[in-house]
Amino acid sequence: MYSLSAELDEAYNVITNRYNVAPDIALTLGSGLGFLADEIHQAHVIPYAEIPNFPQSTVEGHAGRLVFGDLEGKSLVIAQGRQHHYEGYSLDEVTFATRLFHRMGVDSLLVTNAAGCANPKFTPGEFMTITNHFPMVQTMLPPPYDNVASENVWNTSLAVQLRNLAADENVVLREGTYAWVTGPSYETKAEVQYIRNRGGDAIGMSTVPEAVAAASLGLDVLGISCFTNYATGLSDTTLSHEEVSATAESVKHNFAVLVRVALTLF
Ligand code: HPA
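What comes next concerns the included structure. These numbers come from a predicted model, not from an experiment.

Criteria and cut-off values
Residues numbered from 1 in each chain as written. Predicted model: local features only at pLDDT ≥ 70, side-chain atom pairs only at ≥ 80, totals over all residues. Heavy atoms only, no water. Helix = DSSP H or I, 4+ residues; strand = E, 2+ residues; numbered from the N terminus. Buried < 20%, exposed > 50% of the residue type's maximum accessible area, 1.4 Å probe, protein only. Areas by Shrake-Rupley, 256 points an atom, 1.4 Å probe, with all protein chains shown as cover. Lys, Arg positive; Asp, Glu negative; His and termini not counted. Charge placed at Lys NZ, Arg CZ, Asp CG, Glu CD. Near = heavy atom within 4 Å. Polar contact = N/O pair within 3.5 Å; in protein donor to acceptor, adjacent residues only side chain to side chain. Disulfide = S-S within 2.5 Å. Axes fitted to C-alpha atoms, helices over the stretch in contact; angles between N-to-C directions. Left-handed = near helix turned anticlockwise from the far one by under 90°. Contact = heavy atoms within 4.5 Å. Nonpolar A, V, L, I, M, F, W, Y, C, P; charged D, E, K, R; others polar.

1. Some remarks on the overall build of the chain
Broken down by element type, the chain carries eight helices and nine strands. Dimensions of the chain, computed from the C-alpha atoms along their principal axes, are close to 50 × 40 × 35 Å. Looking at the chain residue by residue over its 266 residues, the buried ones come to 54%. When the accessible area of the chain is evaluated, it comes to approximately 11000 Å², of which 46% is carbon and sulfur surface. Averaging the locations of the 14 positively and 29 negatively charged side chains of the chain gives two centres separated by 5 Å.

What follows is the structure, encoded as structure tokens:
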């Protein structure tokens, strides 16, 4: 069960013995979006491999390190790379970093991801603030992390404020529902149709376990999806990791603008 406090303490002690840090906000960077951590000046960096009990990132495009530093005058811990359920990690492991952030005293989580676009009114290259989600997987977080209804996970008042700020910056920010799939393969056309019929706007393989765990621990959670591609069946091209990475690369500037304005909200 979730008797992981000893593991968390061990990880926490190694970090705080190395650096005297007390971040206020955690930022999780999704596939192809990790570059933002490199913009932190005078950052303290700790590879996941040097933190006891911390699960490693095995996916290409996920650097696998914690970066501590300031951005927009806020003290941050950045997860440059995350763990996915499809990598073989349990939900305990997928949410380890989130629970460690809580152990550090962080009270807000800004969580980002690359996602497929299931809503034909939206376009790859745009962003979406997540206001609800549904899991397409049967695996749910057990107690005590099941104490929060899906519509209460996302801080929708922050999401509304972020939309206004994004408009001021001329960045297209949609609002919608994120459907969590296990992956690692992309969906079939029929699955995308099913998700769309149930109101899914974005489809991705991450974020929901971390967001649910964070909200159940009392953190304010704001989520940003970057639409990197049309979900299967919404376009003629065959979906690939290269397309996801190429789109993420092309919208770097707007992503950095969005994260910076989002941080001013906390
Ligand atoms: N489906 C699931 N996850 C994704 C996608 C997608 O189309 N694009 C990026 N992550």
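After that view of the structure, there is still more to cover.
2. Notes on the site of the ligand
Neighbouring the ligand are the residues Ala114, Ala115, Gly116, Tyr186, Glu187, Ile203, Gly204, Met205, Thr228, Asn229, Leu239 and Val244. In this structure, a nitrogen atom belonging to the ligand sits 3.3 Å away from a main-chain N or O atom of Ala114. Between Asn229 and the ligand, the recorded distance is 2.7 Å, taken from a side-chain N or O atom to a nitrogen atom. Compared with its free state, where it exposes 260 Å², the ligand has 94% of that area covered by protein.

3. Things to note about the state of the cysteines
Scanning the model with the defined rule gives zero disulfides in all. Free cysteine: Cys117, not disulfide-bonded; nearest cysteine sulfur from Cys226 at 11 Å. According to the relative accessible area criterion, Cys117 is buried, its value standing at 0%. Among the residues examined, Cys226 registers a relative accessible area of 0% and is labelled buried.

4. Things to note about the packing of helix α1 (residues 5-18) against helix α3 (residues 96-103)
Where α1 contacts α3, the two axes come as close as 10 Å, and the packing angle between them is 65 degrees. In this structure, the crossing between α1 and α3 has a hand that is right-handed. Side by side, α1 and α3 meet where Glu7, Leu8, Asp9, Ala11, Tyr12 and Ile15 of the first sit next to Phe96, Arg99, Leu100 and Arg103 of the second. For the contact of α1 with α3, a count of residues per class yields six nonpolar, no polar and four charged.

Worth remembering: the numbers are spatial, not functional.
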